[in-house]
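Per-entry structural report
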Amino acid sequence: MRNAGPLSQPGIVLLLVTCPLLNILRGVTCKAESGHLGDTDPDRCMRHHFVETITHPIYKCNSKMVLLARCEGHCSHTSRSDPLISFSSVLKQPFKSTCFCCRPHTSKLKAVRLRCSGGTRITATYRYILACGCEECN
């Protein structure tokens, strides 16, 4: 008797895997970049790439285009402000506020060299964001 399941039919099977297949087979649960299970919100906190042209503000140097990244999106945590109780007549800070911001989680230092007139070279440095996450705002 033949198996009549969906995988036994001829054609293409498309499997969308957001975790490494080995982890799924082991029963390990994976998390999205924002740290929430099954987070498919396109506006969530995540890394976005863009291209920027680096030029020196004073010297005449060749400009260079570099790939940069920024953290952008919303965090699913609720912001709140709670009143503080004081036994003083002056309340310097009457509320305790809690909020979460989309911020860089990990980054690495990168450098690019610009060739300037007269044969000199100037190095510009910047941080390249590797991952973003929701963290409590200060």
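Residues numbered from 1 in each chain as written. Predicted model: local features only at pLDDT ≥ 70, side-chain atom pairs only at ≥ 80, totals over all residues. Heavy atoms only, no water.

1. What about the pattern of salt bridges?
Convention followed: We define a salt bridge as a side-chain nitrogen of Lys or Arg found within 4 Å of a carboxyl oxygen belonging to Asp or Glu.
Within the structure shown, the criterion is met by two salt bridges. Its salt-bridge partner being Arg80, residue Asp82 comes within 2.7 Å of it at the nearest N-O pair.

2. Topic: a positive patch on the surface
Put simply, the rule is: Within the patch definition used here, like charges are joined within 9 Å and nonpolar side chains (Val, Leu, Ile, Met, Phe, Trp, Tyr) within 5 Å, considering only residues with over 30% relative accessible area and no salt bridge. Under the convention used here, a 1.4 Å probe and the Shrake-Rupley method define accessible areas, while residue burial counts only the protein chains that appear. Neither His nor the chain ends contribute to the count of charged residues, in which Lys and Arg are positive and Asp and Glu negative. Charge coordinates come from a single atom per side chain, which is NZ of Lys, CZ of Arg, CG of Asp or CD of Glu. Numbered from the N terminus, helices here are DSSP runs of H or I no shorter than four residues, and strands are runs of E no shorter than two. Summary of the burial criterion: residues with accessible area below 20% of their type's maximum are buried, those above 50% are exposed, and those between are partly exposed, where the area comes from a 1.4 Å probe applied to protein chains only.
Residues Lys64, Arg113, Arg115 and Arg121 make up a contiguous surface patch of positive charge. In this structure, Lys64 sits in strand β2 (residues 64-72). Lys64 sits in the partly exposed class, given a relative accessible area of 37%.

3. With respect to the packing of aromatic side chains
Applicable threshold: Aromatic rings from Phe, Tyr and Trp, taking only the six-membered ring of Trp, are treated as a pair when their centres fall within 6.5 Å; an angle between ring planes under 30 degrees marks them as stacked, one over 60 as edge-to-face, and anything in between as tilted. We call a charge positioned over a ring when the NZ of a Lys or the CZ of an Arg lies within 6 Å of the ring centre and within 35 degrees of the ring normal.
Counted by the stated rule, this structure contains zero aromatic pairs. Over the face of the ring belonging to Phe50 we find Arg70, whose NZ or CZ atom lies 4.4 Å from the ring centre. Directly above the ring of Tyr128 sits Lys110, whose terminal nitrogen or CZ lies 4.9 Å from the centroid.

4. Topic: the environment of Glu72
Applicable threshold: Throughout, a residue-residue contact means that at least one pair of heavy atoms, one from each residue, lies within 4.5 Å. Polar contacts here mean pairs of N or O atoms no more than 3.5 Å apart (in protein, one a potential hydrogen donor and the other a potential acceptor; neighbouring residues in sequence count only if both atoms are side-chain atoms).
Mapped onto the elements, Glu72 comes out in strand β2. By relative accessible area, Glu72 is classed as partly exposed at 40%. Between the C-alpha atoms of Glu72 and Met46, which are 26 residues apart in sequence, the distance is 5.7 Å. Setting aside its immediate chain neighbours within four residues, Glu72 contacts Arg44, Cys45, Met46, His48 and Cys102. A distance of 3.2 Å separates a polar atom in the side chain of Glu72 from a polar atom in the side chain of Arg70.

5. Remarks on the state of the cysteines
Quick reminder of the rule: The disulfide definition used here is simple: a pair of cysteine sulfur atoms within 2.5 Å.
All told, the structure shown has five disulfides when counted by the stated rule. Two residues, Cys61 and Cys116, share a disulfide whose sulfurs are 1.9 Å apart. Taking the sign of the torsion about the S-S bond as the criterion, the disulfide between Cys61 and Cys116, at about 85 degrees, is right-handed. Separated by 55 residues along the polypeptide, Cys61 in the loop between β1 (46-54) and β2 and Cys116 in the loop between β5 (100-115) and β6 (121-136) bring together distant segments of the chain. With relative accessibility at 16%, the residue Cys61 sits in the buried group. In this model Cys101 forms its disulfide with Cys137; the gap between the sulfur atoms is 1.6 Å.

6. Overview of the confidence of the model for the protein
Defined as follows: The pLDDT score gives, residue by residue, the confidence of the prediction method on a 0 to 100 scale.
The predicted model of the protein has a mean per-residue pLDDT of 76, with 71% of residues at 70 or higher. Here residues 1-9 is modelled with pLDDT under 50, and outside its nearest four sequence neighbours on either side it reaches four contacts, counting other chains as well. Counting contacts from residues 11-38, a segment whose pLDDT is below 50, to residues more than four positions away or on other chains yields 20 contacts.

7. Some thoughts on the nonpolar core
Inclusion rule: Put simply, buried Ala, Val, Leu, Ile, Met, Phe, Trp, Tyr and Cys residues joined by side-chain atoms within 4.5 Å make one nonpolar core.
Ranked by internal contacts, the top residues of the largest apolar core, which has 16 residues, are Ile54, Val66 and Tyr126. Of all the elements in the fold, those that place two or more residues in this core are β2, β5 and β6. Among residues more than four places away in sequence, those in contact with Val66 are Phe50, Val51, Glu52, Ile54, Val112 and Tyr126.

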